[in-house]
Amino acid sequence: MTNADAPSGGGFQDLDDLPDDPTDREYVERSIRLAEEAVEAGNTPFGALLVVDGEVVAEARNETRTEADVAAHPELTLARWAARELDEDERADCTMYASTEPCPMCATAIHYAGVGRVVFGVDGETLGELSADVVRIPLEEVIRRADGDTTVEGPIAVEAAMAVHDSFFRES
């Protein structure tokens, strides 16, 4: 994970159905590039970043293989970082962008950290068609059951996000 800058302060829909907001698209595209970097480093294809007040404050790549740590998911890493480094208001105003819908473990950490919004590229259900290792409980369901306030948006870049997974899982 890198800290890009010091902090300065729901529902599923497809990319074509979103309002014209290139910022969300750009950040999800960056998270997909982080997933590609994770693969280059010997890990599975997942990446995420945190944005507060329009600035990337932290980013992470999956490190489950290189760190021999089943919990080294980028979304969990970032939720833990946010809980330590951002105040409550910053976390509530924070958006996590993820290449792939966060798993239930990461979703719970996002809820406990108080991250205000999550936007992801591809949903777990779609990824589950390619990989049997997906726990198919949607992020939105975990947040709802926790009586949480996190806004969930996605998938917004299925084709681009699945391209990384497809090349990884078909070559593995």
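Scroll up to find the structure this text is about.
Structural notes, computed from the coordinates. Just so it is clear, the model here is predicted, and its values are computed rather than measured.

It is worth spelling out the nonpolar core at this point. Leu50, Leu78, Trp81, Leu86, Met96, Ile110 and Leu139 are the most contacted members of the largest nonpolar core, which totals 27 residues. Those elements that place two or more of their residues in this core are β1 (47-52), β2 (55-61), α2 (74-85), β3 (95-100), α4 (104-113), β4 (117-122) and α6 (139-145). Not counting residues up to four positions away in its chain, the partners in contact with Leu139 are Glu101, Pro102, Ala107, Val118, Phe120 and Val152. Grouped together as the second largest cluster of nonpolar side chains are 19 residues, Ala35, Tyr97, Leu127 and Leu130 included.

Bringing the packing of aromatic side chains into the picture now. In this description, an aromatic ring pair is defined by two values, namely the gap between the centres and the angle between the planes. Under the counting rule described, the total for this entry stands at two aromatic pairs. Between Tyr27 and Tyr97, the aromatic rings sit 4.8 Å apart at their centres with planes inclined by 40 degrees, giving tilted as the arrangement. With Tyr27 in helix α1 (residues 22-40) and Tyr97 in strand β3, this pair connects stretches of sequence that are 70 residues apart. Exposure class is identical for Tyr27 and Tyr97. Each is buried. Measuring from centroid to centroid gives 5.0 Å for Phe168 and Phe169, while their planes differ by 90 degrees, and the two rings are edge-to-face.

Within the structure shown, the criterion is met by 10 salt bridges. A salt bridge links Glu37 to Arg30; the shortest N-O distance between them is 3.5 Å. When its relative accessible area of 26% is taken as the criterion, Glu37 is described as partly exposed. Here Glu141 and Arg144 are joined by a salt bridge, their closest N and O atoms 2.8 Å apart. Placement of both Glu141 and Arg144 in helix α6 is noted, with a separation of three residues, approximately one turn of the helix.

Within the fold, Ala82 resides in helix α2. Of the residues examined, Ala82 reaches a relative accessible area of 0% and is grouped as buried. With 32 residues separating them in the primary sequence, Ala82 and Leu50 have C-alpha atoms 8.3 Å apart. Leave out the neighbours within four places in its chain, and Ala82 touches Leu50 and Arg91.

Moving on to the side chain of Glu75. Structurally, the position occupied by Glu75 is in helix α2. Within the buried core, Glu75 has no salt-bridge partner, and the shortest N-O distance to an opposite charge, that of Arg80, equals 12 Å. Once you skip the residues sitting within four places of it in the chain, Glu75 turns out to touch Ala48, Met96, Ala98, Thr100, Pro102, Cys106 and Ile110.

Parameters at a glance
Residues numbered from 1 in each chain as written. Predicted model: local features only at pLDDT ≥ 70, side-chain atom pairs only at ≥ 80, totals over all residues. Heavy atoms only, no water. Core = buried A, V, L, I, M, F, W, Y, C linked by side-chain atoms within 4.5 Å. Buried < 20%, exposed > 50% of the residue type's maximum accessible area, 1.4 Å probe, protein only. Helix = DSSP H or I, 4+ residues; strand = E, 2+ residues; numbered from the N terminus. Contact = heavy atoms within 4.5 Å. Phe/Tyr/Trp six-rings, centres within 6.5 Å; stacked < 30°, edge-to-face > 60°. Salt bridge = Lys/Arg side-chain N within 4 Å of Asp/Glu carboxyl O. Lys, Arg positive; Asp, Glu negative; His and termini not counted.

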